[in-house]
Amino acid sequence: MTWIPVAAATALLVLTLAAEPAATSLALPIAVVGGLLGLPHGAVDHLLPRWLESGRRPGSAPSSRFSRSRILRESGFVLLYVISAAAASAALILAPTPTLTAFLVLSAAHFGWGEVVTGAERGERAAHVGPDSLLVALAFGLVTVGLLVWGHPDSTDPYLRAMSPVVADAVAASRGVGVTLTMTSVVVALVVLSAQRRTLDAAELALLTAVFVVCPPLAAFGVYFGLWHAVRYSGRLLDLVRADHGRSERPDTGWGPACSHLARLSGWPTAVALAGIVAIWALRDVASLQAVVSVLLAVTFPHAAVVARLDQRQERRDG
């Protein structure tokens, strides 16, 4: 959860500083690879209710893997997930300005709080909502989303404008304020983290800020999404898989079996997502950019809701 993300971000930063033309030419491939690497991290959302249900606590008797009630619950969850994604996709087409705005805000909150939870787990602390944690989440969220749209207008404005000219104009008009707010929040968060002796968290915030300021935006987000955010969330999933193994008839709770089991569980949802991306790419000449992006972004809304439920359950447990 630490060294793979840090190494990937550092490598991109060094590449950009040493050979900026090469980094710029590789930005799109890096973004594509990052997107593909990040797909599996949300592929087991349908299993989180099973892992989080109250009856699956240490010492409780495991229920049948193929029980009718479990199948109905998980099928219902998948149906609700798909409906939510479809509704979000339709909203982006029918009401692009509020939906795109909500998506950007939700993404910043999702990424920012994910960093807070990672830092808390790594330091064996509880990730409770409070002034300090909200400040750190704000800084990480503004860096990964705010600097993406405010820091590189020449690269991101065409995409925003194709989906919502109103949002694009608002981003352009607020660029100075947005960049100032982002950098101020970063400085304040670094002071808070340093005062709390959370040196690694502070170093990671500084590293991500440098990456999103210096590196091509597509490459920066591709590395962050696929080799930072997705890796860290997958680490949390591995903890759940190991705990689930420990409460079941499978006593092996090592990292190897947990990784293999998680890979098998995420296999078919990832394959379905890849098939959808291939279909979207094949229709790129007849579908508008707004329609294509709406499908790709739609799953963010239900995924963020599932992760928020996981965070809430973990906070309650730690409390």
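Residues numbered from 1 in each chain as written. Predicted model: local features only at pLDDT ≥ 70, side-chain atom pairs only at ≥ 80, totals over all residues. Heavy atoms only, no water.

Peer 1: Can you walk me through the overall build of the protein in this structure?
Peer 2: From N to C terminus, the protein includes 15 helices and zero strands. Burial analysis of the protein (319 residues in total) assigns 44% to the buried set. Counting only contacts in the protein whose residues sit at least 6 apart along the sequence, the fraction spanning at least 24 positions is 77%. If you sum the accessible surface of the protein, you get close to 15,700 Å²; carbon and sulfur atoms cover 71% of it. (Helix = DSSP H or I, 4+ residues; strand = E, 2+ residues; numbered from the N terminus. Buried < 20%, exposed > 50% of the residue type's maximum accessible area, 1.4 Å probe, protein only. Contact = heavy atoms within 4.5 Å. Areas by Shrake-Rupley, 256 points an atom, 1.4 Å probe, with all protein chains shown as cover.)

Peer 1: Mind showing me how you'd approach a nonpolar patch on the surface here?
Peer 2: A cluster of nonpolar side chains, Leu-28, Val-32, Leu-36, Tyr-159, Leu-218 and Leu-274, forms an exposed patch at the surface whose accessible area comes to about 530 Å². When residues of the nonpolar patch are assigned to their parent elements, the largest contribution, three residues, is made by helix α3 (residues 27–38). On the secondary structure map, Leu-36 appears in helix α3. (Patch = residues over 30% accessible without salt bridge, like charges linked within 9 Å, V, L, I, M, F, W, Y side chains within 5 Å. Salt bridge = Lys/Arg side-chain N within 4 Å of Asp/Glu carboxyl O.)

Peer 1: Just to check I follow, could you spell out the environment of Pro-165 for this structure?
Peer 2: Summarising the element assignment, Pro-165 is placed in helix α9 (residues 165–173). With relative accessibility at 44%, the residue Pro-165 sits in the partly exposed group. C-alpha separation for the pair Pro-165 and Pro-96, spaced 69 residues apart in sequence, amounts to 9.3 Å.

Peer 1: For this particular structure, what's the right way to read the pattern of salt bridges?
Peer 2: Two side chains that carry opposite charge are able to pair once their charged atoms sit near each other. Tallied over the full model, the rule gives nine salt bridges. A salt bridge links Glu-115 to Arg-232, with the nearest nitrogen and oxygen atoms 2.6 Å apart. With Glu-115 in helix α6 (residues 96–122) and Arg-232 in helix α12 (residues 217–246), the pair connects residues that are 117 residues apart, well separated along the chain. The pair formed by Glu-115 and Arg-232 is uniform in burial state, with each residue classed as buried. One salt bridge in this structure joins Glu-121 and Arg-236, with 3.6 Å as the shortest N-O distance. In this pair, Glu-121 is assigned in helix α6 and Arg-236 in helix α12, connecting sequence segments 115 residues apart. Connected through salt bridges with shared partners, the residues Glu-115, Arg-122, Arg-125, Arg-198, Asp-201, Glu-204 and Arg-232 form a single ionic network.

Peer 1: What should I look at first to understand the packing of helix α8 (residues 153–163) against α9 in this one?
Peer 2: To describe two helices that pack against each other, one gives the angle between their axes and the distance between the axes. At their nearest, the axes of α8 and α9 sit 5 Å apart, and the two run at 140° to each other. When α8 is examined against α9, the residues Asp-157, Leu-160, Arg-161 and Met-163 are found in contact with a partner set consisting of Pro-165, Ala-168, Asp-169 and Val-171. Partitioned by chemical class, the residues of the contact of α8 with α9 number five nonpolar, no polar and three charged. (Axes fitted to C-alpha atoms, helices over the stretch in contact; angles between N-to-C directions. Nonpolar A, V, L, I, M, F, W, Y, C, P; charged D, E, K, R; others polar.)

Peer 1: It is not clear to me how the packing of aromatic side chains should be interpreted in this structure. Could you clarify?
Peer 2: The relative placement of two aromatic rings is captured by the distance of their centres and the angle of their planes. Tallying each qualifying case throughout the model produces five aromatic pairs. Judged by centre distance (5.3 Å) and plane angle (85°), the rings of Phe-111 and Tyr-224 are edge-to-face. Of this pair, Phe-111 sits in helix α6 while Tyr-224 sits in helix α12, and the two are 113 residues apart along the sequence. Note on Phe-111: relative accessible area 6%, which makes it buried. Classification of Tyr-224 by relative accessible area gives buried; the value is 1%. (Phe/Tyr/Trp six-rings, centres within 6.5 Å; stacked < 30°, edge-to-face > 60°.)

Peer 1: Could you clarify how one ought to interpret the confidence of the model for the protein in this entry?
Peer 2: In low-pLDDT segments, the atomic positions of the prediction should not be examined closely. Of the residues in the protein, 81% have a pLDDT of 70 or more, and the chain-wide mean is 82. Segment residues 54–64 is flagged for pLDDT under 50; beyond a separation of four residues in sequence, or across chains, it makes 17 contacts in the model. (pLDDT = per-residue confidence, 0-100.)

Peer 1: What is the right way to read the nonpolar core from this model?
Peer 2: Most often, soluble globular proteins keep nonpolar side chains buried together rather than apart. One finds Leu-205, Val-211 and Phe-212 to be the most contacted residues of the largest nonpolar core, which totals 49 residues. The element that contributes the greatest number of residues to this core is helix α7 (residues 131–150), accounting for 11 residues. Aside from chain neighbours lying at most four places away, what touches Leu-205 is Ala-139, Phe-140, Val-143, Val-186, Ala-189, Leu-190 and Leu-193. In this structure, Ala-258, Leu-265, Val-307 and Leu-310 belong to the second largest nonpolar core, which totals 15 residues. (Core = buried A, V, L, I, M, F, W, Y, C linked by side-chain atoms within 4.5 Å.)

Peer 1: What's the story with helix α11 (residues 199–214) in this structure? I'm lost.
Peer 2: The periodicity of an α-helix, 3.6 residues per turn, causes residues three or four places apart in sequence to face the same way. Taking 1.5 Å per residue as the helical rise, α11 with its 16 residues ought to reach 22 Å, and the 22 Å between its terminal C-alpha atoms agrees with that figure. Listed in full, the buried residues belonging to α11 are Asp-201, Ala-202, Glu-204, Leu-205, Leu-207, Leu-208, Thr-209, Val-211 and Phe-212. (Expected span 1.5 Å × (residues − 1).)

Peer 1: Explain the environment of Val-6 to me, please; I cannot follow it from the model alone.
Peer 2: Within the fold, Val-6 resides in helix α1 (residues 3–18). Expressed as a C-alpha distance, the spacing of Val-6 and Glu-204, which sit 198 residues apart in the sequence, is 7.3 Å. With sequence-adjacent residues up to four places away left out, Val-6 is seen in contact with Glu-204, Leu-207 and Trp-228.

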